[in-house]
Amino acid sequence: MSPLLLSVTVILVASGVALQIWSSGPARAGRQFALQLPVVLLYSLAGALFLFTAFPDSLSEGRALGFSLGGAAGFVAFFMLSSFAWLSKTRRRDELAADLKKANRENARLRKQLLSERSEEGAARPLQNTRYEIPLRGDRRHRLGMITGNLANVLGTDVWVNTENTHMEMSRVNEPTISATIRYHGGRRDAGGHLVHDTIASELAERMAGQSQVAAGQVLVTGPGELQESHQVKRIVHVAAVEGEPGSGFRQVMDLERCVRNVLAEVDRLNEEGEVLRSIVLPLLGTGGGNSDLRKTVETLVAAAVGYFRSNAVSRIRTVYLLANTDVQAVACRTALESEPGLVGSSES
């Protein structure tokens, strides 16, 4: 076989493989089986070229459309007719795949619509604790998910992230915030439930080392206090995700992606030092006060976590859970997770 013919054969096979891989992508849903026709043609031409140049005395004869065919033409015709017969049976599969893709898009649209309607009505309802997670596409080591319900009822997650202000001043224990929940349950309490030792807030103040504030997105790590025994928490990561202004309250920082990256990088640093921190619960940073766009915030958090894992494939973190306390937050989280193209099972347009 001449080098030229061998090169042509290799090119045909490589083209067939490349086309088959491309046509199998989720974006081609609804056309995947029909696109196999040129793949089969390339393979059959490559096979015919190889056989009838390497073995010129071989024979293949048949009839198609009233014509007699022999040699390489007969070989190609055989494969072509066989492929047409096979492809004729796959039309229904393409139709089902297209319908499924359309249904996924419609489902995502309805979720966003429901979120918008519920937000306008202000009828958010608290949820019971459940867990939901899905792996990254092409990376089954790392997963993103959602935990619903009150953080105080979440058990068995290694790291809790605390949404803190740039002054790293924890909320009072009777306020309805993540910071207050962590401060109260992490402190030592008497028989009547009153806080007698402000364990986590005291340690956080020590970590500040006399500074009045930190930069937006900065993280500080403390121990879990009493949460280690009661909730199996190993570390608390405090991230400066909101900024305060006299007379105006708190607002979400501009760069939420930086907050997420810094949190995950700090947990991985602790892992490299010998700690075993595999799961993280991440609240919806800066959304508690209502001065932020919930849907945009959740989409940003999901994209930032996926981006971190893509850039740090050896990360020892296994799962990052978004915390959704209400049904409105849960709809936003599930919609963002199912719409993120970097996650398995997401609906792609």
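Everything quoted here is computed from the prediction, not taken from an experiment. (Residues numbered from 1 in each chain as written. Predicted model: local features only at pLDDT ≥ 70, side-chain atom pairs only at ≥ 80, totals over all residues. Heavy atoms only, no water.)

**What about the overall build of the protein?**
Secondary structure summary: the protein contains 10 helices and 12 strands in total. Burial status across the protein gives 42% buried among its 349 residues. Across the protein, the fraction of contacts at a sequence separation of at least 24, relative to all contacts at a separation of at least 6, is 65%. Accessible surface, the protein as shown: approximately 18300 Å² in total, 55% of it carbon and sulfur. (Helix = DSSP H or I, 4+ residues; strand = E, 2+ residues; numbered from the N terminus. Buried < 20%, exposed > 50% of the residue type's maximum accessible area, 1.4 Å probe, protein only. Contact = heavy atoms within 4.5 Å. Areas by Shrake-Rupley, 256 points an atom, 1.4 Å probe, with all protein chains shown as cover.)

**As for the pairing of strand S10 (residues 249–252)**
As judged from the four bridges shared by strand S9 (residues 235–245) and S10, these two strands associate in the antiparallel manner. From the neighbouring strand, Glu245 faces S10, where its bridge partner is Gly249. Between S9 and S10, which pair antiparallel and follow one another directly, the connecting turn spans three residues, one of which, Gly247, has a positive phi of 80°. (Pairing = 2+ DSSP bridges.)

**What about the confidence of the model for the protein?**
Scored by pLDDT, the protein comes out at a mean of 82, with 73% of its residues at no less than 70. Residue range residues 64–69 is modelled with pLDDT below 50. Its contacts to residues more than four positions away, or to other chains, number 10 contacts. (pLDDT = per-residue confidence, 0-100.)

**Thoughts on the environment of Gly249**
Here Gly249 is to be found in strand S10. Judged by relative accessible area, which is 35%, Gly249 ranks as partly exposed. The contacts of Gly249, once residues within four sequence positions are left out, are Glu243 and Gly244.

**Things to note about the packing of aromatic side chains**
Scanning the entire structure with this criterion turns up one aromatic pair. Plain terms: the ring middles of Tyr308 and Phe309 are 6.0 Å apart, the flat faces sit at 70° to each other, and that makes the pair edge-to-face. In this structure, Tyr308 and Phe309 share a single accessibility class: buried. Positioned above the aromatic ring of Tyr132, the side-chain terminus of Arg334 is 3.9 Å from the ring centre. (Phe/Tyr/Trp six-rings, centres within 6.5 Å; stacked < 30°, edge-to-face > 60°. Lys NZ or Arg CZ within 6 Å of the ring centre and 35° of its normal.)

**A word on unusual backbone geometry**
Negative phi is the rule for most residues except glycine; trans is the rule for most peptide bonds. For Met168, which is not a glycine, the phi torsion comes out positive at approximately 55°. Relative to the assigned elements, Met168 resides in the loop between strand S5 (159–165) and helix H5 (178–186). Although it is not a glycine, Ala209 sits at a positive phi angle of roughly 50°. Here Ala209 is to be found in the loop between helix H6 (199–208) and strand S8 (219–222). The class for Ala209 is exposed, based on a relative accessible area of 65%.

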